[in-house]
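# Architecture at a glance
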Amino acid sequence: MPAERERMQYLEALGIDVWVPREQAGQSVPDLVEVAVTADEPVPDWTELQASVAGCTRCPLHQCRTQTVFGVGNRDADWMIIGEAPGAEEDRRGEPFVGRAGKLLDEMLRAVELDRSTVFITNILKCRPPSNRDPAADEAAACRGYLERQIEMIRPRLILAVGRIAAQQLLHTDSPLGRLRGRVHTLNNGQVPLVVTYHPAYLLRSPSQKRKVWEDLCLARQVVQESPT
Ligand code: URA
């Protein structure tokens, strides 16, 4: 199947009208909003980091996990996708976004001609909070060094923060997601652009927001295309 037709099918699966991207095409990337993130963790390499995460007991979540969920994908990825925390299926399989929301995330990625092997996908928390409750502040703080080191090592050209929790945690803000999406933020002293979008689990409940997600994906793709290689 020709690539363009395949892409149209993914867009259709997302409920997105195919004329939407053309409206986006002429827009330039909005001004950057600076957010500094500093890493004060020791500097393990990838294997050491994986081992640290696997054996982590920094917060009480280690007591109820089946296993940690480090992240999956390409360590040289241009795109890094950051969600909230593993759910039941992710805890069981040790991989992020493998449940229903994960399937929709895969569709979102395919709409911009990506798949999970070409991006890197991880979460704010590496362990599942019981009953899928929101991460507690101390849990997110305990896990933060791991994520910062992943970002440093992957050096993505773009971070896509999916959902309110990921966006607020990464940007150190309480602003609602609707105010965070639609512009380009940065992490690490302006080195890493970050775009915010809705969580696929929210999209499953509110499919009418899919168009906004498409706009966010187009913005993210534009940032990657315009960033220096
Ligand atoms: N939701 C998330 O935010 N992350 C996952 O890995 C799964 C569901």
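Check the entry above for the structure.
Structure report, in brief.

Reading the values: rules and limits
- Residues numbered from 1 in each chain as written.
- Predicted model: local features only at pLDDT ≥ 70, side-chain atom pairs only at ≥ 80, totals over all residues.
- Heavy atoms only, no water.
- Helix = DSSP H or I, 4+ residues; strand = E, 2+ residues; numbered from the N terminus.
- Buried < 20%, exposed > 50% of the residue type's maximum accessible area, 1.4 Å probe, protein only.
- Areas by Shrake-Rupley, 256 points an atom, 1.4 Å probe, with all protein chains shown as cover.
- Pairing = 2+ DSSP bridges.
- Core = buried A, V, L, I, M, F, W, Y, C linked by side-chain atoms within 4.5 Å.
- Axes fitted to C-alpha atoms, helices over the stretch in contact; angles between N-to-C directions.
- Parallel < 35°, antiparallel > 145°, perpendicular 65-115°, else oblique.
- Left-handed = near helix turned anticlockwise from the far one by under 90°.
- Contact = heavy atoms within 4.5 Å.
- Nonpolar A, V, L, I, M, F, W, Y, C, P; charged D, E, K, R; others polar.
- Phe/Tyr/Trp six-rings, centres within 6.5 Å; stacked < 30°, edge-to-face > 60°.
- Near = heavy atom within 4 Å.
- Polar contact = N/O pair within 3.5 Å; in protein donor to acceptor, adjacent residues only side chain to side chain.
- Salt bridge = Lys/Arg side-chain N within 4 Å of Asp/Glu carboxyl O.

### Let's talk about the overall build of the protein chain
In terms of helices and strands, the protein chain carries 10 helices and 7 strands. For the protein chain, with 229 residues in total, the buried portion stands at 52%. On the protein chain, roughly 11000 Å² of surface is accessible, and the fraction owed to carbon and sulfur atoms is 46%.

### Some remarks on the pairing of strand S3 (residues 79-83)
Most of S3 is tucked away: 5 of the 5 residues are buried. Along S3, one buried face is formed by Trp79, Ile81 and Gly83 and the opposite face, lined by Met80 and Ile82, is buried too. In the sheet, S3 pairs with strand S5 (residues 158-162) via 4 bridges, with the strands oriented parallel. Within S5, the position partnered with Met80 by the bridge is Ile159. The sheet contact formed by S3 and strand S4 (residues 120-123) spans 4 bridges and is parallel. From the neighbouring strand, Met80 faces S4, where its bridge partner is Phe120.

### Overview of the nonpolar core
In terms of nonpolar packing, the biggest core is built from 61 residues, with Trp79, Ile81, Ile159, Leu160 and Leu170 touching the most fellow members. The element contributing the most residues to this core is helix H10 (residues 210-226), with 8 residues.

### Here's the deal with the pairing of strand S6 (residues 184-187)
Residues in a regular strand point their side chains to alternate faces of the sheet. Burial of S6 is two-sided: the residues Val184 and Thr186 facing one way and the residues His185 and Leu187 facing the other way are all buried. Pairing analysis gives 3 bridges linking S6 to strand S7 (residues 192-197), with the strands arranged antiparallel. By the bridge assignment, Thr186 is partnered in S7 with Pro193. Between the end of S6 and the start of S7, which pair antiparallel, lie 4 residues, with Asn188 showing a positive phi angle near 55 degrees.

### Side note on the packing of helix H3 (residues 46-54) against helix H6 (residues 137-154)
Taken N-terminus to C-terminus, the directions of H3 and H6 make an angle of 160 degrees; their axes are 11 Å apart at the nearest point. As summarised for this structure, H3 and H6 are arranged roughly antiparallel, according to the angle between their axes. Two packed elements cross with a definite hand, and for H3 against H6 that hand is left-handed. Across the interface between the two elements, Trp46, Leu49, Ser52 and Val53 of H3 pack against Tyr146, Arg149, Gln150, Met153 and Ile154 of H6. Here the residues of the contact of H3 with H6 are counted per class, giving 6 nonpolar, 2 polar and 1 charged.

### With respect to the packing of aromatic side chains
Inspection of every chain in the model, using the stated rule, returns 3 aromatic pairs. Seen in terms of ring centroids, Trp46 and Phe70 are 5.3 Å apart; in terms of plane orientation they differ by 90 degrees. Their pairing is edge-to-face. With a gap of 24 residues between them, Trp46 in helix H3 and Phe70 in the loop between H3 and strand S2 (72-73) connect regions that are remote in the sequence. Taking the relative accessible area as the measure of exposure, Trp46 reaches 7% and is therefore buried.

### Points about the site of the ligand
Around the ligand, the surrounding shell consists of Gly83, Glu84, Ala85, Glu90, Pro96, Phe97, Asn123 and His199. The contact in question runs from a nitrogen atom of the ligand to an N or O atom on the backbone of Ala85, over 3.0 Å. With the chains in place, 91% of the 240 Å² that the ligand exposes on its own is no longer accessible.

### Points about the pattern of salt bridges
A full pass over the atoms with the stated rule returns 13 salt bridges. The salt bridge partner of Glu107 is Arg110, with a shortest N-O separation of 3.6 Å. Of this pair, Glu107 and Arg110 both sit in helix H5 (residues 100-111), 3 residues apart, roughly one helical turn. What makes Arg110 partly exposed here is its relative accessible area of 30%. Here Glu139 and Arg133 are joined by a salt bridge, their closest N and O atoms 2.6 Å apart. One network of salt bridges, in which partners are shared, links Glu89, Arg92 and Arg93.

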